[in-house]
Amino acid sequence: MPIHHAVLSLLTHGPSYGYELKGAFETAVGPQWGPLNIGHLYQILDRLSRDGLVVSQRHAQAVKPDRVVYEITDAGRGELRRWLGEASPRSGGFRDDFFLKVTAAARSGDADTVKTVLSQQRTYLMRELRNLDGLRRKADNPVVALLLSAATRHVEADLSFVDDADRALLRTPGALSAAPRRPEAETEGLRSAG
(Lines give C-alpha, C1' and ligand atoms only; values in the text may rest on other atoms or scores of the structure.)
Protein backbone atom coordinates (compact mmCIF):
# COMPACT_ATOMS: atom_id res chain seq x y z
CA MET A 1 0.00 0.00 0.00
CA PRO A 2 1.45 3.38 -0.97
CA ILE A 3 0.73 4.93 2.45
CA HIS A 4 3.42 2.68 3.92
CA HIS A 5 5.87 4.15 1.46
CA ALA A 6 4.63 7.69 2.03
CA VAL A 7 5.33 7.23 5.75
CA LEU A 8 8.82 5.98 4.93
CA SER A 9 9.39 9.08 2.77
CA LEU A 10 8.31 11.35 5.64
CA LEU A 11 10.81 9.62 7.92
CA THR A 12 13.69 10.34 5.53
CA HIS A 13 13.69 13.87 6.97
CA GLY A 14 14.40 12.57 10.46
CA PRO A 15 12.76 10.73 13.35
CA SER A 16 9.15 11.53 14.08
CA TYR A 17 6.13 10.37 16.09
CA GLY A 18 2.57 9.46 15.12
CA TYR A 19 0.69 12.75 15.31
CA GLU A 20 3.60 14.64 13.77
CA LEU A 21 3.63 12.13 10.86
CA LYS A 22 -0.14 12.47 10.48
CA GLY A 23 0.16 16.26 10.19
CA ALA A 24 3.11 16.03 7.80
CA PHE A 25 1.23 13.55 5.58
CA GLU A 26 -1.92 15.69 5.43
CA THR A 27 0.13 18.81 4.68
CA ALA A 28 2.12 17.02 1.99
CA VAL A 29 -0.84 15.60 0.06
CA GLY A 30 -3.40 18.32 0.69
CA PRO A 31 -7.17 18.14 1.19
CA GLN A 32 -8.00 15.95 -1.81
CA TRP A 33 -6.64 12.78 -0.16
CA GLY A 34 -8.59 13.34 3.04
CA PRO A 35 -7.47 12.97 6.65
CA LEU A 36 -5.25 10.09 7.67
CA ASN A 37 -6.79 7.99 10.44
CA ILE A 38 -4.36 7.96 13.37
CA GLY A 39 -5.25 4.36 14.29
CA HIS A 40 -4.48 3.26 10.74
CA LEU A 41 -1.20 5.19 10.85
CA TYR A 42 -0.15 3.35 14.02
CA GLN A 43 -1.00 0.03 12.35
CA ILE A 44 1.24 1.05 9.44
CA LEU A 45 4.05 2.03 11.83
CA ASP A 46 3.72 -1.31 13.65
CA ARG A 47 3.92 -3.16 10.34
CA LEU A 48 6.94 -1.13 9.21
CA SER A 49 8.59 -1.94 12.56
CA ARG A 50 7.86 -5.67 12.24
CA ASP A 51 9.29 -5.61 8.70
CA GLY A 52 12.49 -3.92 9.94
CA LEU A 53 11.88 -0.81 7.81
CA VAL A 54 11.69 1.50 10.85
CA VAL A 55 12.84 1.31 14.45
CA SER A 56 11.11 2.92 17.38
CA GLN A 57 12.18 4.32 20.71
CA ARG A 58 10.06 5.39 23.66
CA HIS A 59 10.64 8.89 25.02
CA ALA A 60 9.27 9.59 28.48
CA GLN A 61 7.18 12.74 28.90
CA ALA A 62 6.46 14.43 32.21
CA VAL A 63 2.70 14.80 31.90
CA LYS A 64 1.62 12.72 28.91
CA PRO A 65 2.13 9.04 28.09
CA ASP A 66 5.48 8.07 26.60
CA ARG A 67 5.97 9.23 23.04
CA VAL A 68 7.11 6.60 20.53
CA VAL A 69 9.51 8.08 17.99
CA TYR A 70 10.12 6.25 14.71
CA GLU A 71 13.21 6.32 12.52
CA ILE A 72 13.74 4.83 9.08
CA THR A 73 16.33 2.04 8.77
CA ASP A 74 18.71 1.31 5.90
CA ALA A 75 16.30 -1.45 4.84
CA GLY A 76 13.49 1.14 4.89
CA ARG A 77 15.51 3.47 2.66
CA GLY A 78 16.16 0.57 0.28
CA GLU A 79 12.45 -0.31 0.17
CA LEU A 80 11.58 3.33 -0.51
CA ARG A 81 14.12 3.48 -3.37
CA ARG A 82 12.72 0.24 -4.81
CA TRP A 83 9.14 1.56 -4.66
CA LEU A 84 10.09 4.91 -6.20
CA GLY A 85 11.91 3.11 -9.03
CA GLU A 86 8.95 1.09 -10.27
CA ALA A 87 5.79 2.00 -12.19
CA SER A 88 2.50 2.30 -10.30
CA PRO A 89 -0.18 0.04 -11.76
CA ARG A 90 -3.79 1.05 -11.29
CA SER A 91 -4.95 -0.54 -8.05
CA GLY A 92 -8.07 -2.67 -8.11
CA GLY A 93 -8.15 -3.10 -11.88
CA PHE A 94 -10.96 -1.26 -13.60
CA ARG A 95 -13.75 -2.01 -11.18
CA ASP A 96 -16.03 0.96 -10.97
CA ASP A 97 -19.43 1.49 -9.36
CA PHE A 98 -20.56 3.88 -12.09
CA PHE A 99 -19.74 1.37 -14.83
CA LEU A 100 -21.97 -1.14 -13.04
CA LYS A 101 -24.78 1.45 -12.99
CA VAL A 102 -24.35 2.04 -16.72
CA THR A 103 -24.44 -1.71 -17.29
CA ALA A 104 -27.62 -2.08 -15.22
CA ALA A 105 -29.26 0.90 -16.95
CA ALA A 106 -28.36 -0.46 -20.40
CA ARG A 107 -29.72 -3.90 -19.50
CA SER A 108 -33.03 -2.28 -18.56
CA GLY A 109 -33.44 -1.29 -22.21
CA ASP A 110 -35.04 1.97 -21.04
CA ALA A 111 -33.56 5.13 -22.56
CA ASP A 112 -34.95 7.30 -19.75
CA THR A 113 -33.17 5.19 -17.14
CA VAL A 114 -29.89 5.51 -19.04
CA LYS A 115 -30.41 9.28 -19.43
CA THR A 116 -31.04 9.65 -15.69
CA VAL A 117 -27.94 7.66 -14.73
CA LEU A 118 -25.73 9.61 -17.14
CA SER A 119 -27.23 12.97 -16.22
CA GLN A 120 -26.81 12.40 -12.48
CA GLN A 121 -23.18 11.36 -12.95
CA ARG A 122 -22.43 14.28 -15.27
CA THR A 123 -23.89 16.76 -12.74
CA TYR A 124 -21.86 15.20 -9.91
CA LEU A 125 -18.63 15.26 -11.95
CA MET A 126 -19.12 18.90 -13.02
CA ARG A 127 -19.55 19.83 -9.36
CA GLU A 128 -16.35 17.90 -8.55
CA LEU A 129 -14.48 19.83 -11.26
CA ARG A 130 -15.64 23.15 -9.80
CA ASN A 131 -14.56 22.07 -6.30
CA LEU A 132 -11.17 20.90 -7.54
CA ASP A 133 -10.66 24.14 -9.47
CA GLY A 134 -11.36 26.14 -6.31
CA LEU A 135 -8.95 24.03 -4.27
CA ARG A 136 -6.28 24.26 -6.97
CA ARG A 137 -6.51 28.07 -7.02
CA LYS A 138 -5.89 28.14 -3.25
CA ALA A 139 -3.06 25.59 -3.24
CA ASP A 140 0.26 27.18 -2.40
CA ASN A 141 2.17 23.89 -2.25
CA PRO A 142 3.25 22.67 -5.72
CA VAL A 143 2.88 18.99 -4.74
CA VAL A 144 -0.67 19.57 -3.51
CA ALA A 145 -1.39 21.45 -6.74
CA LEU A 146 -0.10 18.43 -8.69
CA LEU A 147 -2.38 16.07 -6.75
CA LEU A 148 -5.34 18.34 -7.46
CA SER A 149 -4.34 18.44 -11.13
CA ALA A 150 -4.25 14.61 -11.20
CA ALA A 151 -7.67 14.47 -9.55
CA THR A 152 -9.00 16.92 -12.15
CA ARG A 153 -7.70 14.76 -14.98
CA HIS A 154 -9.38 11.70 -13.48
CA VAL A 155 -12.69 13.56 -13.27
CA GLU A 156 -12.27 14.77 -16.86
CA ALA A 157 -11.64 11.17 -17.95
CA ASP A 158 -14.80 10.10 -16.11
CA LEU A 159 -16.72 12.84 -17.93
CA SER A 160 -15.36 11.53 -21.23
CA PHE A 161 -16.68 8.09 -20.33
CA VAL A 162 -20.12 9.59 -19.63
CA ASP A 163 -19.98 11.13 -23.12
CA ASP A 164 -18.90 7.78 -24.59
CA ALA A 165 -21.78 6.01 -22.85
CA ASP A 166 -24.21 8.66 -24.10
CA ARG A 167 -23.03 8.16 -27.70
CA ALA A 168 -22.91 4.38 -27.49
CA LEU A 169 -26.22 3.80 -25.73
CA LEU A 170 -28.46 6.76 -26.56
CA ARG A 171 -27.24 8.05 -29.92
CA THR A 172 -26.51 4.73 -31.59
CA PRO A 173 -29.72 3.32 -33.11
CA GLY A 174 -30.65 -0.05 -31.63
CA ALA A 175 -27.95 -0.03 -28.94
CA LEU A 176 -30.33 -0.45 -26.01
CA SER A 177 -32.33 -3.18 -27.72
CA ALA A 178 -29.04 -5.03 -28.33
CA ALA A 179 -28.00 -4.82 -24.65
CA PRO A 180 -27.94 -8.30 -23.12
CA ARG A 181 -31.00 -9.08 -21.04
CA ARG A 182 -32.41 -12.18 -19.42
CA PRO A 183 -33.81 -14.58 -22.03
CA GLU A 184 -37.57 -14.14 -22.52
CA ALA A 185 -38.39 -17.76 -21.63
CA GLU A 186 -36.52 -17.43 -18.35
CA THR A 187 -38.29 -14.13 -17.62
CA GLU A 188 -41.68 -15.73 -18.29
CA GLY A 189 -40.79 -18.62 -15.97
CA LEU A 190 -39.96 -16.17 -13.17
CA ARG A 191 -43.24 -14.29 -13.66
CA SER A 192 -45.34 -17.45 -13.47
CA ALA A 193 -43.37 -18.66 -10.43
CA GLY A 194 -44.04 -15.40 -8.56
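The rules we used
- Residues numbered from 1 in each chain as written.
- Predicted model: local features only at pLDDT ≥ 70, side-chain atom pairs only at ≥ 80, totals over all residues.
- Heavy atoms only, no water.
- Phe/Tyr/Trp six-rings, centres within 6.5 Å; stacked < 30°, edge-to-face > 60°.
- Helix = DSSP H or I, 4+ residues; strand = E, 2+ residues; numbered from the N terminus.
- Buried < 20%, exposed > 50% of the residue type's maximum accessible area, 1.4 Å probe, protein only.
- Core = buried A, V, L, I, M, F, W, Y, C linked by side-chain atoms within 4.5 Å.
- Contact = heavy atoms within 4.5 Å.
- Pairing = 2+ DSSP bridges.
- Axes fitted to C-alpha atoms, helices over the stretch in contact; angles between N-to-C directions.
- Parallel < 35°, antiparallel > 145°, perpendicular 65-115°, else oblique.
- Nonpolar A, V, L, I, M, F, W, Y, C, P; charged D, E, K, R; others polar.
- Salt bridge = Lys/Arg side-chain N within 4 Å of Asp/Glu carboxyl O.

**Things to note about the packing of aromatic side chains**
If you walk through the whole model with that rule in mind, you get two aromatic pairs. Ring plane angle 90° and centroid distance 5.9 Å describe the contact between Phe-98 and Phe-161, whose orientation is recorded as edge-to-face. A residue pair is termed long-range when its members are at least 10 positions apart, and Phe-98 in helix 5 (residues 97-108) and Phe-161 in helix 7 (residues 142-170) qualify at 63 residues. Using a relative accessible area of 9% as the deciding quantity, one classes Phe-98 as buried. The partly exposed category is assigned to Phe-161, whose relative accessible area is 29%. A centroid spacing of 6.1 Å and a plane angle of 45° characterise the contact between Phe-99 and Phe-161, whose relative ring orientation is tilted. Taken as a pair, Phe-99 in helix 5 and Phe-161 in helix 7 lie far apart in primary sequence, 62 residues in all. What makes Phe-99 partly exposed here is its relative accessible area of 45%.

**Here's the deal with the nonpolar core**
Looking at soluble globular proteins, one finds that nonpolar side chains tend to be buried together. Counting residues in each nonpolar core, the largest one holds 21 residues, and the members touching the most others are Val-7, Leu-8, Leu-11, Leu-21, Leu-41 and Leu-48. Secondary structure elements with two or more residues in this core: helix 1 (2-11), helix 2 (18-29), helix 3 (38-50) and strand 3 (67-72). Ranked by the residues each element gives to this core, the list is headed by helix 1, at six residues. Residues within four places of Leu-41 in sequence aside, it is in contact with Val-7, Gly-18, Leu-21, Lys-22 and Leu-36. In terms of nonpolar packing, the next biggest core, distinct from the first, is built from 19 residues, Val-117, Leu-118, Ala-151 and Leu-159 among them.

**Things to note about the environment of Glu-86**
Structurally, Glu-86 is set in the loop between helix 4 (74-84) and helix 5. In this structure Glu-86 comes out as partly exposed when scored by relative accessible area, which is 41%.

**Describing the sheet that holds strand 1 (residues 16-17)**
Spatially, the three strands line up as an open sheet ordered 1-3-2, and their pairing is antiparallel. Bordering the open sheet on either side are strand 1 and strand 2 (54-59), each of which pairs with just one other strand. Bridge analysis of strand 2 against strand 3 gives six bridges, and the strand direction is antiparallel. Across the sheet, residue Val-55 finds its bridge partner in strand 3, namely Glu-71.

**Section: the packing of helix 2 against helix 3**
Two elements in contact, helix 2 and helix 3, have axes whose closest approach is 10 Å; the angle formed by their N-to-C orientations is 110°. Considering the angle they form, helix 2 stands roughly perpendicular to helix 3. Taking contact as the criterion, the partners of Gly-18, Tyr-19, Leu-21 and Lys-22 in helix 2 are, on helix 3, Ile-38, Leu-41, Tyr-42 and Leu-45. Tallied by class, residues from the contact of helix 2 with helix 3 come to six nonpolar, one polar and one charged.

**Details of the pattern of salt bridges**
Taken as a whole and assessed by the stated rule, the structure comprises nine salt bridges. Close ionic contact of Asp-163 with Arg-122 constitutes a salt bridge, the shortest N to O distance being 3.0 Å. Here the residue Asp-163 occupies a position in helix 7, and Arg-122 occupies one in helix 6 (residues 111-138), the gap between them amounting to 41 residues. Owing to a relative accessible area of 33%, Asp-163 belongs among the partly exposed residues under this scheme. Classification of Arg-122 by relative accessible area gives partly exposed; the value is 27%. Linking Arg-167 and Asp-164 is a salt bridge whose minimum nitrogen-to-oxygen distance equals 2.5 Å. Residue Arg-167 and its partner Asp-164 are located together in helix 7, separated by three residues, close to a single helical turn. The class of Arg-167 is partly exposed, set by a relative accessible area of 47%. On the basis of relative accessibility, which here comes to 39%, the residue Asp-164 falls in the partly exposed class. Residues participating in the shared-partner salt-bridge network are Glu-79, Arg-82 and Glu-86.

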